[in-house]
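Reading the structure
Here is what each chain is made of, one letter per residue.
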Number of protein chains: 2
Amino acid sequence: MSATTEGFTGRIILVAELEAKPDKVSELEKVLLAIKASADSDAEPGCLTYRVSKFGTKFVIFEEYENQAAVQLHMGADTFKALVNAIPDTAVGGPKLQYYEECK
Amino acid sequence: MSATTEGFTGRIILVAELEAKPDKVSELEKVLLAIKASADSDAEPGCLTYRVSKFGTKFVIFEEYENQAAVQLHMGADTFKALVNAIPDTAVGGPKLQYYEECK
């Protein structure tokens, strides 16, 4: 996996992992689902898939973007900025981002 | 994430990670795409999503199942058994399996 989208030309798959502090799981889940609402909306037409899953305190988000511009748009959204602001209080460390290309 | 499906009651999300030996990437990709063909077919109605992605030698597979029985059916398929047989020759170590539940 790649840690950046550099060199990607077509669609981009992003798998993000994040661990919540034990007492902040639902708070972090709310922030992630707000991002999902934006990602699934017409505000982010280039975000094709955004699925949030959880087990215990561990979150994994499976994301698909049309191109790099769609990734940048996503990361400029207010809901994403809200995540960045919420992480110090709700998460253990930062998110682990891994970029891939889908096999067809 | 959980390493097993124990305790899961509803739909199950599985994120599998696998690393190919540098000279076996396309061979392993073929085996994984054969699994995808079965998973997407009527032979596995309870497998709702099966997406294979890759960067370099690293594969991630995002999977969704109706229930535990669907996971068992998937892992009993000939195509899955072909993966198990191919792993020693094509992969670095074994697959890392992480089970989650989707947040809605």
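Residues numbered from 1 in each chain as written. Chains lettered and ligands numbered in written order. Predicted model: local features only at pLDDT ≥ 70, side-chain atom pairs only at ≥ 80, totals over all residues. Heavy atoms only, no water.

Once that is clear, we can look at the sheet that holds strand β1 (residues 12-19) of chain A. Taken in spatial order, the eight strands of this closed barrel run β1(A)-β3(A)-β2(A)-β4(B)-β1(B)-β3(B)-β2(B)-β4(A), and their pairing is antiparallel. Taken pair by pair, the neighbouring strands of this sheet meet at an average axis angle of 35°, ignoring direction. Pairing of strand β2 (residues 47-55) of chain A with strand β3 (residues 58-65) of chain A involves eight bridges; the strand directions are antiparallel. By the bridge assignment for β3 of chain A, Ser-53 of chain A is matched with Val-60 of chain A. (Pairing = 2+ DSSP bridges. Helix = DSSP H or I, 4+ residues; strand = E, 2+ residues; numbered from the N terminus. Axes fitted to C-alpha atoms, helices over the stretch in contact; angles between N-to-C directions.)

What follows is about the packing of helix α1 (residues 25-39) of chain B against helix α3 (residues 78-90) of chain B. All names here are of chain B. Packing of α1 against α3 leaves a shortest axis separation of 9 Å and a crossing angle of 170°. The orientation of α1 with respect to α3, classified from their angle, is roughly antiparallel. Two packed elements cross with a definite hand, and for α1 against α3 that hand is left-handed. Side by side, α1 and α3 meet where Glu-27, Leu-28, Val-31, Leu-32, Ala-34, Ile-35 and Ser-38 of the first sit next to Thr-79, Phe-80, Ala-82, Leu-83, Ala-86, Asp-89 and Thr-90 of the second. (Parallel < 35°, antiparallel > 145°, perpendicular 65-115°, else oblique. Left-handed = near helix turned anticlockwise from the far one by under 90°. Contact = heavy atoms within 4.5 Å.)

Mapping chain A onto chain B leaves a residual RMSD of 0.0 Å; the transformation is a rotation of 180° accompanied by 0.0 Å of translation along its axis. This pairing of chains is accounted for by a two-fold axis. No C-alpha of chain A approaches the rotation axis more nearly than that of Phe-62 of chain A, which lies at 3.8 Å. (Least-squares fit on C-alpha atoms with pLDDT ≥ 70 in both.)

Once that is clear, we can look at the pairing of strand β3 (residues 58-65) of chain B. Residue and element names in this part refer to chain B. For β3, the tally of buried residues reaches seven of eight residues, placing the bulk of the element in the interior. Here eight bridges tie strand β1 (residues 12-19) to β3, and the two strands are oriented antiparallel to one another. Looking at the pairing, Ile-13 lines up with Glu-64 of β3. Taken together, strand β2 (residues 47-55) and the strand that follows it, β3, pair antiparallel across an intervening segment of two residues, in which Gly-56 is found at a positive phi of about 60°. (Buried < 20%, exposed > 50% of the residue type's maximum accessible area, 1.4 Å probe, protein only.)

Let us look at the nonpolar core. Considering soluble globular proteins, one finds that nonpolar side chains tend to be buried as a cluster. Counting residues in each nonpolar core, the largest one holds 28 residues, and the members touching the most others are Leu-32, Tyr-50, Phe-59 and Leu-83 of chain A. Among the elements of the structure, β1, α1 (25-39), β2, β3, α2 (68-76) and α3 (78-90) of chain A are those that each provide at least two residues to this core. In terms of nonpolar packing, the next biggest core, distinct from the first, is built from 27 residues, Ala-16, Leu-32, Cys-47 and Val-71 of chain B among them. (Core = buried A, V, L, I, M, F, W, Y, C linked by side-chain atoms within 4.5 Å.)

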